[in-house]
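# Working through the structure, step by step
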Amino acid sequence: MPCFSRAGRHGQLHPTTMCGKQRLKIAWAVYKSYGLASPSAQAAAVAVAASPSGQDGYTQPSTAQVSDNGLEVFKALIGQKRFICTQCGKCCTGDGEVWVSDAEVTNIAKYLNMPLKHFIQQHTRAYSKVEGFRMLKSKLEMETRDCTFLRADNTCAIHPVRPLQCSTYPWWPDLLDDQEWTWEKANVCEGFDHPDAPPTDVTEAARQLKLATIQEYQKRMGYKPSKKQQKAAAAAAAA
């Protein structure tokens, strides 16, 4: 099973990436608090975090409607961590992956007033191993491989409707491990525990962590193993 939420620039892999007990511990907390037993139930849990923006026809990610059931476990993981965005742009540059759900693809296309088919072709690429998700393209002509929506002034062209993966950064399941947080602070984002960072709104951060964890669970549920992995699983079951 691959690791989907990878630390660094919108999902960038690095040598200390955590895949094991810590993330499963968080995912299990989500399972218990939401009673997530199926992909449809998980989709509904994520959908509740989108609130109508009004007459424009698109939605904006929000944690305002997220249930606080089981939130204490997420608050404990936040601890004393602090963060401030300095608009350095590093989280949007370099090799990495931005996962977007089918609903987010539709949402962003509406925001940009682009036909859905055109948007998919121009700004996304398919990833056949996970149903219900695509990836945003990078600017392949640039050595930095910036996100397709990163402007020259390091602002986001789709900030009001940016993907959940972006809006919940840095409150990702991976990064709440102290080793991961320290690596990210030293190698990617100067905003981690920055001297100017205000006290963390722990409740809001915990809600974002919960949403990020639910999406991680969605991707796990949508994962389609390769034929080699299926054979290995079948052999192990028959042993």
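Scroll up a little and you will see the structure.
Before going into details, it helps to say that this report is about the structure given with it. (Residues numbered from 1 in each chain as written. Predicted model: local features only at pLDDT ≥ 70, side-chain atom pairs only at ≥ 80, totals over all residues. Heavy atoms only, no water.)

### Let's talk about the environment of Trp 172
The residue Trp 172 is located in the loop between helix 6 (164–167) and helix 7 (178–187) in this model. A relative accessible area of 5% places Trp 172 in the buried class. (Helix = DSSP H or I, 4+ residues; strand = E, 2+ residues; numbered from the N terminus. Buried < 20%, exposed > 50% of the residue type's maximum accessible area, 1.4 Å probe, protein only.)

### Thoughts on the side chain of His 123
Tracing the backbone through its elements, the reader meets His 123 in helix 5 (residues 116–123). For His 123, a relative accessible area of 8% gives the class buried.

### Considering the sheet that holds strand 5 (residues 133–136)
Read across the open sheet, the three strands follow the order 3-5-4; overall the sheet is antiparallel. In this open sheet, the two strands that pair with only one neighbour each are strand 3 (99–101) and strand 4 (124–126). Direction aside, neighbouring strands of the sheet carry axes that sit 45° apart on average. Pairing of strand 4 with strand 5 involves three bridges; the strand directions are antiparallel. In the sheet register, Arg 125 faces strand 5, and the bridge partner there is Met 135. With respect to the sheet, helix 4 (residues 102–111) is in contact with strand 3 and strand 5, its orientation differing from that of strand 3 by roughly 90°. Seen against the sheet, helix 5 touches strand 4 and strand 5 and runs at an angle of roughly 85° to strand 4. (Pairing = 2+ DSSP bridges. Axes fitted to C-alpha atoms, helices over the stretch in contact; angles between N-to-C directions. Contact = heavy atoms within 4.5 Å.)

### Quick look at the pairing of strand 5
For a regular strand, side-chain orientation follows a simple rule: the groups alternate between the two sheet faces. As paired strands, strand 3 and strand 5 are joined by three bridges and run antiparallel to one another. Looking at the pairing, Val 100 lines up with Arg 134 of strand 5.

### Focus on helix 4
Looking only at helix 4, the buried set comprises Glu 104, Val 105, Asn 107, Ile 108 and Ala 109. Just past helix 4, the residue Asn 113 takes up positive phi, approximately 55°.

### As for the nonpolar core
Counting residues in each nonpolar core, the largest one holds 18 residues, and the members touching the most others are Tyr 169, Trp 171, Phe 192 and Leu 209. Put simply, the parts of the chain that give this core at least two residues each are helix 3 (71–78) and helix 8 (202–222). (Core = buried A, V, L, I, M, F, W, Y, C linked by side-chain atoms within 4.5 Å.)

### Some points on helix 7
Spacing of three or four residues puts side chains on the same side of an α-helix, whose turn is 3.6 residues. Those residues of helix 7 lying buried are Glu 180, Trp 181 and Glu 184. All buried residues of helix 7 lie within an arc of 100° about the axis, which places them on one face of the element. Opposite the packed face of helix 7, turned more than 90 degrees from it, sit the exposed residues Asp 178, Gln 179 and Ala 186. Among the residues of helix 7, the N-terminal cap falls to Asp 177, whose side-chain oxygen and the backbone nitrogen of Gln 179 are separated by 3.1 Å. (Arc of directions from axis to C-beta. Polar contact = N/O pair within 3.5 Å; in protein donor to acceptor, adjacent residues only side chain to side chain.)

### Focus: the pattern of salt bridges
The full count for this structure, using the stated rule, is three salt bridges. The shortest N-O distance in the salt bridge between Lys 75 and Glu 72 comes to 3.4 Å. Remark: Glu 72 and Lys 75 occur in helix 3; sequence separation between them is three residues, near one turn of the helix. For Lys 75, a relative accessible area of 24% puts it in the partly exposed group. Looking at Glu 72, the relative accessible area reads 55%, which means it is exposed. Between Asp 193 and Lys 185 there is a salt bridge; the shortest N-O distance is 3.2 Å. Given a relative accessible area of 27%, Asp 193 falls into the partly exposed group. The class of Lys 185 is partly exposed, set by a relative accessible area of 34%. (Salt bridge = Lys/Arg side-chain N within 4 Å of Asp/Glu carboxyl O.)

### Comments concerning the side chain of Thr 124
Within the fold, Thr 124 resides in strand 4. Looking at Thr 124, its side chain comes within polar contact range of the main-chain oxygen of Ile 120, at 2.7 Å. There is a polar contact of 2.8 Å between the side chain of Thr 124 and the side chain of Arg 134. In this structure Thr 124 touches Phe 119, Arg 134, Met 135, Leu 136 and Lys 137, once residues within four positions along its chain are discounted.

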